Amino acid sequence: MPNPHVLLQDEHGKRVLLLGNEAIARGILEAGIGVVTTYPGTPASEIGDSISAIASEAGVYMEYSVNEIVAVEVAAGAANCGVRGLTAMKHVGLNVAADALMTLAYVGVRGGYVVVTADDPECYSSQNEQDNRFYALLSNLPCLEPSNPQEAKDMTISAVEISEKLELPVMLRTTTRVSHTRGPVVYGKITKPRLKGSFIKDVERLVMVPANSRPKHDVLLRAVEKAKEISEKSPYNKIISKGKNKEYGLISSSSAYNYAVEAAELLGLTVDILKLGMTHPLPEKLIGQFLKEHKKVVVVEELEPYLEMQVKTIAKDYAPTTEVYGKMRQPHFPRSGELSTRAVLIGLADITGRKLPINFQEIDARYVEVVTGLPSRPPVLCAGCPHRASFYVMRKVAGEKAVYSTDIGCYTLGIEPPLNIGDIMICMGASIGMAQGISKTTETNTIAVIGDSTFFHSGIPRLVNAVYNNHRIVVAVLDNLTTAMTGHQPHPGTGVTGMQTVSERIAIEKVAEGCGVKWVRTVNPFNIKEAEETLKEALRYPRTSLIIFRAPCALMVVRERRRKGLGVATYRINEKCTNCMVCIKMLGCPAITLEKGKVNIHENLCTGCGLCASVCPYKAIEPNATD
Amino acid sequence: MKEFNLVLAGVGGQGVLLAAEILGTAAVKEGLNVRVGEIHGMAQRGGATVSTVRIGEKVFSPFVLNGQANFILGFEPLETLRNIKYASEKTLVIMGDEKIPPPELTLKNMDYPQMKEILKKIKRFSKNITLVETYGRRENPPAGAHSEKHGLPANERNLEKDKALFQKHYTC
């Protein structure tokens, strides 16, 4: 990853290539934000990671909180003492944080406070593609939506300023395409963060008992009216490229704006585009005027018709004869999946009756001919991943009939053949929750598969529920000592903090015992025999049992060995191999391949975990001689 | 120059993201507007990886449309083919020859497709293809080797400087 120290350079006017998320991190430094909290999640992770790497130098307090709602509470507590704060999370993280955020909207903040939600259209790394702009409508909080890294930085600063002006949290909503696109960013001045605040007691303002909440709801609604005035005058809501053609006008925001500009250009449509950067509350008058000036207005947006619904409502009052096109009445653009220049081109060509400049059909047909039958390459568990050993043990002991209720993390990849572990999965922590209902209503062995970071995030209340209500489930905590999928962030089991300082590790064993689990064991999954016996015993236990399968993430092991100048002790196939394929059929390790029909270990990919050697019935796999 | 579109394709871990970032940084240093598109997270674990680099005044999004790539840099033959829809007959395709068999092939006991077949299919989109020996030469990735000759607006001097910079600033 890039050296985050580039973000610390106090060179006003310097132009740097930054990822959208790194640009937000730079915005944090320029805005003088003192408290940054997060729970890692793609596509938001690099915001917290960039700050964590430079926090002590920058004078910022940064933490990887145990989950998103705690992250919001910590930063909101600080913001209520007048310190500027920011919390970053992926879109589904906001579901976890929503309980805090909805009422924080009533309480408000004193120091500017920004909640970054990074949505994931196309579910590149997520379980759903919910459109979090609706959280802005639901909570009444202002929302800014950048379309590129420069705006991501600038809007982070503006969000803090708007938040302080209105004394309300402000949402900054990105998508994968904004968070993970690199583009030039011009630096402004870094502001030294203020970390010390003061708590001013004010029960009517801060304690949301019903008698205080009722008037605060009206306070919030008045603040929305003020926010509307800000939105009307916001430099982020503006008409771009005054076209001569007043027949059509486009309204767009976020990444969709980029596609709209490029698609209009490709179609030779010189039209006005109303670009919306502040998308809650919407600038009603500006949109109303735009609707009046154009006969046909096309709303180009990704996912749900969030803008279109509101634009149509505004049209009813301001310009009832203007036609509004989008995805509601007639679907000119897709409502699911990631939007693209291509999708917008096709939609716009369809609406305006123009000819497509690219013959997509011809290229697609030729493409289908050359890629039909091409083997797919989905992401798989890495060579040497300890989860592969854990799953091998589960398959061998509990087999096909057991139900594997799985969770969010690298181990979700266990669903791929030949491991096939993972029968149901919805959200963080739900492995343990759903396992209870499955076990209660079937006679089947039920194993809840959950990672270490996910266990701390939201596994604990589910575990308490299982124990107290006597659910017969096996909880398998796959502890690889890191939050691996999102880039190896620390968690309470690792002994490291977001400030890169040492803290006392919280042992999952102790947590489980404290939750009342009477049967807790820890095994090394590469110790196959012991792991198998332990799982057998757990399956016989009549109540909730918990096994920690503990071995460090293979990527960390390899990195650590390289750092120490140690090579990786790889394995090889010897002459005893009968080509029985047990290693391939049972493990599906990417380092084991077939070369002209013969089993072969790819030396560049092997990390030397030795799992294949343990499962080989002919002792035909052995370590390479080390130097 | 109106617009320059590059597509980089390979397998997670081959350095596709890093190469795209180096090219993007070189473009910024030349004072150009650029967008680099990439996907992180789930897609990294040995999965198919594709990055785009788009350079030009009127570039807003990182998406390259079908047939609109000036240059495809393929780090792996199958992945080059998987992204061949971005090529037209004018596209220069530079492809490394290191074959990384997808796990599906191994599980089904199937052979990696013949290079001859892959090249034949690629040529249905562009005949302008250069094969680079990368197998066993991880320290010399194809990035930069042919870039200036083919009009990539970043000169070798900056690429060299970037290499030094990235060795200093990056761990990968």
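In what follows, the structure referred to is the one given above.
All of these numbers come straight from a predicted model, not from anything done at the bench.

Structural notes on the overall build of chain B
Across its full length, chain B carries five helices and six strands. Walking chain B from its N terminus toward its C terminus, one meets helices and strands in the order β-α-β-β-β-α-β-α-α-β-α. Looking at chain B as a whole, 59% of its 172 residues qualify as buried. Within chain B, residue pairs in contact and separated by at least 24 positions form 63% of the contacts whose partners lie at least 6 positions apart.

Here's the deal with the sheet that holds strand β10 (residues 248-253) of chain A
Residue and element names in this part refer to chain A. In space, the five strands of this open sheet follow the order β9-β11-β10-β13-β14, with mixed pairing throughout. Strands at the two margins of the open sheet, each flanked by one partner only, are β9 (238-240) and β14 (323-325). Each adjacent strand pair in this sheet contributes to an overall mean axis angle of 25°, direction not counted. Relative to β14, strand β13 (residues 296-300) is paired through three bridges, and the arrangement is parallel. Within the sheet, the bridge partner assigned to Lys 296 lies in β14 and is Glu 323. Against the sheet, helix α12 (residues 306-318) touches β10, β11 (272-276), β13 and β14, its axis set at about 175° to β14.

A few points about helix α1 (residues 16-29) of chain B
Residue and element names in this part refer to chain B. For α1, built from 14 residues, the straight-helix expectation of 20 Å at 1.5 Å per residue is met to within 8% by its first-to-last C-alpha distance of 20 Å. Counted residue by residue, α1 has 12 buried out of 14 residues, so it is predominantly covered. Buried within α1 we find Val 16, Leu 17, Ala 19, Ala 20, Glu 21, Ile 22, Leu 23, Gly 24, Thr 25, Ala 26, Ala 27 and Val 28. Gly 31, located one to two residues past α1, shows a positive phi value of around 80°.

Topic: the packing of aromatic side chains
Enumeration over the complete set of coordinates arrives at five aromatic pairs over all chains. Residues Tyr 259 of chain A and Phe 63 of chain B carry aromatic rings whose centres are separated by 5.4 Å and whose planes lie at 55° to one another, so their mutual orientation is tilted. Residue Tyr 259 of chain A is located in helix α10 (residues 254-267), and its partner Phe 63 of chain B is located in the loop between β3 (48-55) and β4 (71-74); the two belong to separate chains. Taking NZ or CZ as reference, Arg 26 of chain A lies 3.5 Å from the ring centre of Tyr 187 of chain A, over its face. Over the aromatic face of Tyr 257 of chain A sits the side chain of Lys 275 of chain A, whose NZ or CZ is 5.2 Å from the ring centroid.

Focus: a nonpolar patch on the surface
All names here are of chain A. Among the surface-exposed residues, Tyr 61, Val 74 and Leu 195 lie close enough to one another that they form a single nonpolar patch of about 210 Å² accessible area. Turning to its location among the elements, Leu 195 is positioned in the loop between β8 (181-186) and α8 (203-206). The class for Leu 195 is partly exposed, based on a relative accessible area of 39%.

Observations concerning the sheet that holds strand β15 (residues 403-405) of chain A
Residue and element names in this part refer to chain A. With respect to topology, five strands assemble into an open sheet ordered β15-β16-β17-β19-β18, the strand pairing being parallel. What marks the edges here is a single partner per strand, and that holds for β15 and β18 (519-523). Direction aside, the axes of adjacent strands within the sheet are offset by 20° on average. Inspection of the sheet shows β15 paired to strand β16 (residues 446-451) by three bridges, in the parallel sense. The residue of β16 that forms the bridge with Val 403 is Thr 446. Helix α16 (residues 430-441) rests against β15, β16 and β17 (474-479) of the sheet, and its axis sits at about 175° to β16. The sheet contacts of helix α19 (residues 528-540) involve β16, β17, β18 and β19 (545-550), and relative to β18 the element is tilted by about 165°.

Topic: helix α17 (residues 452-468) of chain A
Residue and element names in this part refer to chain A. The principal kink in α17, of about 70°, is found at Gly 459, preceding the proline Pro 461 by one to four residues. Within α17, burial applies to Asp 452, Ser 453, Thr 454, Phe 455, Phe 456, His 457, Ser 458, Gly 459, Leu 463, Ala 466 and Val 467. Within two residues after α17, Asn 470 carries a phi angle of roughly 55°, on the positive side.

Comments concerning the interface of chain A and chain B
With 64 residues of chain A at the contact, the number on the chain B side is 57 residues. On inspection of chain A and its partner chain B, the count reaches seven salt bridges. Two residues, Arg 377 of chain A and Glu 79 of chain B, come together in a salt bridge whose shortest N-O distance is 2.5 Å. Viewed at the interface, chain B and chain A are joined by 19 residue pairs in polar contact (both at pLDDT 80 or more). Classifying every residue of the side of chain A that touches chain B by side-chain character gives 36 nonpolar, 15 polar and 13 charged.

Considerations on the pattern of salt bridges
On inspection of all chains with the given rule, the structure shows 44 salt bridges over all chains. One salt bridge in this structure joins Glu 30 of chain A and Lys 153 of chain A, with 2.7 Å as the shortest N-O distance. On the criterion of sequence distance, the pair formed by Glu 30 of chain A in helix α1 (residues 20-30) and Lys 153 of chain A in helix α6 (residues 149-166) is long-range, its members being 123 residues apart. Linking Lys 58 of chain B and Glu 265 of chain A is a salt bridge whose minimum nitrogen-to-oxygen distance equals 3.3 Å. Of this pair, Lys 58 of chain B sits in the loop between β3 and β4 while Glu 265 of chain A sits in helix α10, on two different chains. Sharing partners across several salt bridges, the network here consists of Asp 119, Asp 131, Arg 133, Glu 145, Arg 173 and Glu 301 of chain A.

Brief notes about the environment of Phe 71 of chain B
Secondary-structure assignment places Phe 71 of chain B in strand β4. For Phe 71 of chain B, a relative accessible area of 5% gives the class buried.

Basis of the calculations
- Residues numbered from 1 in each chain as written.
- Chains lettered and ligands numbered in written order.
- Predicted model: local features only at pLDDT ≥ 70, side-chain atom pairs only at ≥ 80, totals over all residues.
- Heavy atoms only, no water.
- Helix = DSSP H or I, 4+ residues; strand = E, 2+ residues; numbered from the N terminus.
- Buried < 20%, exposed > 50% of the residue type's maximum accessible area, 1.4 Å probe, protein only.
- Contact = heavy atoms within 4.5 Å.
- Pairing = 2+ DSSP bridges.
- Axes fitted to C-alpha atoms, helices over the stretch in contact; angles between N-to-C directions.
- Expected span 1.5 Å × (residues − 1).
- Phe/Tyr/Trp six-rings, centres within 6.5 Å; stacked < 30°, edge-to-face > 60°.
- Lys NZ or Arg CZ within 6 Å of the ring centre and 35° of its normal.
- Patch = residues over 30% accessible without salt bridge, like charges linked within 9 Å, V, L, I, M, F, W, Y side chains within 5 Å.
- Areas by Shrake-Rupley, 256 points an atom, 1.4 Å probe, with all protein chains shown as cover.
- Salt bridge = Lys/Arg side-chain N within 4 Å of Asp/Glu carboxyl O.
- Bend = angle between axes of the 7 residues up to and from the residue.
- Polar contact = N/O pair within 3.5 Å; in protein donor to acceptor, adjacent residues only side chain to side chain.
- Nonpolar A, V, L, I, M, F, W, Y, C, P; charged D, E, K, R; others polar.

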